[in-house]
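# Residue-level structure breakdown
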Amino acid sequence: MSITVGIAGATGYAGGEAIRVLLAHPEAKIKTLAAHSSRGAFGDHQPHLRPLADVQLQPLCAEVLADHDVVILGLPHGASAAMTAEIEKLNPQALIVDLGADHRLEDARAWEEFYGSQACEPWTYGMPELIRQHGPSQRERLAETKRIAAPGCNASAVTFAAQPAVAAGLATGEDIVAILAVGYSGAGKSPKTHLLASEAIESSAPYAVGGTHRHIPEIGQNLRAAGASNVSLSFTPTLVPMSRGILATVSIPVNEGTSADDVLDAYQKALENEPFVAWSESWPTTGITVGSNLALVHAELDRDKRRITAICALDNLVKGTAGAATQSINLALGLEETLGLSQVGVAP
């Protein structure tokens, strides 16, 4: 089985990482690389992706992208729906994957509140590990879809840290506190003053503070699927001087009577059959997940037995974006979910 792939937004971080991951996929053939304004040889923009260095960048239009089995959209917020409508006219059978946020949220009001624009149609959420208390599993849903919304990287880290406790009935989903250390690639490739090396080195910078981060409703949606009766979340991401990675420290109130054994059992059972979200015997670090599609989770009951502290480490560009998208593509095409993906990180 050979799968042709066209990638929009190929010169960005998300699009570039999707290309890097798919270059190792035995069934994927990347045919077209498109960008909004960048032109010329792809290697002039993404020199580390040497196998495609001589490929010429194409204009960002449906006619260029439609003639593929899979189309991956690494576009700014608000651009994916219009592009999809044009592609559908030309090739309704194409599997389309949005690496952006346009199609993640099921609640139109939540989208409009956090993104300030009209909501788009929700697509199948590209997180195979999402726990669902009711209805088909997320893997079953992905196996039946032609439209995939890749998850947010911060949302993935917090979801992996919190959903085992919620699904096991140890927590209601209320009063969760998440503090994240996030690599600068999570802020995108746009040249902005606060992203300059001179600003970032030897400095940590909080952003989207006070309940304003756009991944908050996505996390709530995920935890409600896992069984949360009501989700309330204090969420504070902080940019730290590393290029990629997320370390999410999540504090989760537990029901009275919860024991340390309950916590261990809930997390190990939730993760025992997952190929890419694994239980870590010790507190995980971002360094050992870099370059891999692996998320590592460790959780313990706090000393006062009132809260769980759960920590998740992952590579925001792989498991947080392109790796999750590739897993979902594999499922949608009836391939082995793990095909072309690695648990092996890069260290030191």
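The chain has the name N-acetyl-gamma-glutamyl-phosphate reductase in an unreviewed UniProt entry, where Trueperella bonasi is given as its organism. As recorded by UniProt, the Catalytic activity (unreviewed entry) comment attached to the chain reads in full: "N-acetyl-L-glutamate 5-semialdehyde + phosphate + NADP(+) = N-acetyl-L-glutamyl 5-phosphate + NADPH + H(+)".

### Considering the overall build of the chain
What the chain contains, in helices and strands, is 10 helices and 14 strands. For 348 residues, the compact-globule formula gives about 20 Å, and the C-alpha radius of gyration of the chain, at 19 Å, lands near that figure. The principal-axis extent of the C-alpha atoms belonging to the chain is close to 60 × 50 × 40 Å. Evaluated residue by residue, the chain yields a buried proportion of 53% over its 348 residues. Across the chain, every contact between residues at least 6 apart in sequence was considered, and the portion connecting residues at least 24 apart equals 73%. Entry remark: accessible area of the chain is about 15000 Å², with carbon and sulfur atoms responsible for 50%.

### Concerning the pairing of strand β14 (residues 307-314)
Judged by how many residues are buried, β14 sits mostly within the fold: 7 of 8 residues are covered. Note: strand β13 (residues 295-301) against β14, 6 bridges, orientation antiparallel. Bridge pairing in β14 links Glu-300 to Thr-309. Turn length for the β13-β14 hairpin, with the two strands adjacent in sequence and antiparallel, is 5 residues, and the turn residue Lys-305 shows positive phi of about 65°.

### Here's the deal with the pattern of salt bridges
Within the structure shown, the criterion is met by 13 salt bridges. Salt-bridge contacts for Lys-89 lead to Glu-86; the nearest nitrogen and oxygen are separated by 3.4 Å. With a gap of 3 residues between them, Lys-89 and Glu-86 both fall in helix α3 (residues 80-90), about one helical turn apart. For Glu-86, a relative accessible area of 36% corresponds to the partly exposed category. A salt bridge links Asp-265 to Lys-269, with the shortest nitrogen-to-oxygen separation between them at 3.5 Å.

### Details of the packing of helix α6 (residues 153-167) against helix α8 (residues 216-225)
Running from N to C, α6 and α8 point in directions that differ by 30°, and their axes come no closer than 9 Å. Relative to α8, α6 is oriented roughly parallel. The two elements α6 and α8 meet at a crossing, and its hand is right-handed. Of the residues in α8, those in contact with Ala-155, Val-158, Thr-159, Ala-162, Gln-163 and Val-166 of α6 are Glu-218, Ile-219, Asn-222 and Leu-223. Counted by class, the contact of α6 with α8 contains 6 nonpolar, 3 polar and 1 charged residues.

### So, the UniProt feature "active site" (unreviewed entry) in the chain
Residues annotated in UniProt with the feature "active site" (unreviewed entry) correspond here to Cys-153. With respect to the secondary-structure elements, Cys-153 resides in helix α6. Leave out the neighbours within four places in its chain, and Cys-153 touches His-215, Ile-246, Leu-314, Asn-316, Gly-320 and Thr-321.

### So, the packing of aromatic side chains
Given two aromatic rings, their pairing is described by the distance between the two centres and the angle made by the two planes. The full count for this structure, using the stated rule, is 2 aromatic pairs. Ring geometry for Trp-111 against Tyr-115: centres 3.7 Å apart, planes inclined by 10°, an arrangement best described as stacked. Of this pair, Trp-111 and Tyr-115 both sit in helix α4 (residues 108-115), separated by 4 residues, roughly a single helical turn. Residue Trp-111 shares its accessibility class with Tyr-115, and that shared class is buried.

### Quick look at the side chain of Gln-327
The residue Gln-327 is located in helix α10 (residues 318-332) in this model. Each residue touching Gln-327, except ones within four places of it in the same chain, is listed here: Pro-128, Glu-129, Phe-276, Asn-293, Lys-319, Glu-337 and Leu-341.

### Let's talk about the nonpolar core
Within the largest apolar cluster, 56 residues are counted, with the highest numbers of intra-cluster contacts made by Val-250, Ile-252, Tyr-267 and Ile-308. It is α6 that provides the largest number of residues to this core, a total of 9 residues. Discounting residues that sit within four places of it in the chain, Val-250 has contacts with Val-158, Ala-161, Ala-162, Ile-176, Val-177, Ala-178, Ile-308, Thr-309 and Ala-310. Grouped together as the second largest cluster of nonpolar side chains are 32 residues, Val-5, Ala-10, Leu-52 and Phe-276 included.

### Here's the deal with empty space enclosed by the protein
Considering all chains together, one arrives at 2 cavities of 30 Å³ or more under this definition. In this structure, the largest cavity encloses a volume near 40 Å³. Every residue lining the largest cavity is listed: Ile-3, Val-5, Leu-22, His-25, Ala-28, Val-70, Ile-329 and Leu-333. For the lining of the largest cavity, a count of residues per class yields 7 nonpolar, 1 polar and no charged. Here the second largest cavity is characterised by a volume of approximately 30 Å³. Along its surface, the second largest cavity is lined by Glu-106, Tyr-125, Leu-130, Arg-132, Gln-221, Asn-222 and Ala-225. When its residues are assigned to classes, the lining of the second largest cavity shows 3 nonpolar, 2 polar and 2 charged.

About the cut-offs
Residues numbered from 1 in each chain as written. Predicted model: local features only at pLDDT ≥ 70, side-chain atom pairs only at ≥ 80, totals over all residues. Heavy atoms only, no water. UniProt positions renumbered as here; feature names shortened; annotations may be inferred. Helix = DSSP H or I, 4+ residues; strand = E, 2+ residues; numbered from the N terminus. Rg over C-alpha atoms; globule rule 2.2 N^0.38 Å. Buried < 20%, exposed > 50% of the residue type's maximum accessible area, 1.4 Å probe, protein only. Contact = heavy atoms within 4.5 Å. Areas by Shrake-Rupley, 256 points an atom, 1.4 Å probe, with all protein chains shown as cover. Pairing = 2+ DSSP bridges. Salt bridge = Lys/Arg side-chain N within 4 Å of Asp/Glu carboxyl O. Axes fitted to C-alpha atoms, helices over the stretch in contact; angles between N-to-C directions. Parallel < 35°, antiparallel > 145°, perpendicular 65-115°, else oblique. Left-handed = near helix turned anticlockwise from the far one by under 90°. Nonpolar A, V, L, I, M, F, W, Y, C, P; charged D, E, K, R; others polar. Phe/Tyr/Trp six-rings, centres within 6.5 Å; stacked < 30°, edge-to-face > 60°. Core = buried A, V, L, I, M, F, W, Y, C linked by side-chain atoms within 4.5 Å. 1 Å grid on protein atoms, 1.4 Å probe; cavity = no way out; pocket = protein on both sides within 12 Å on 5 of 7 lines; lining within 4 Å. Points joined across faces, edges and corners; volume = space filled by probe spheres on them.

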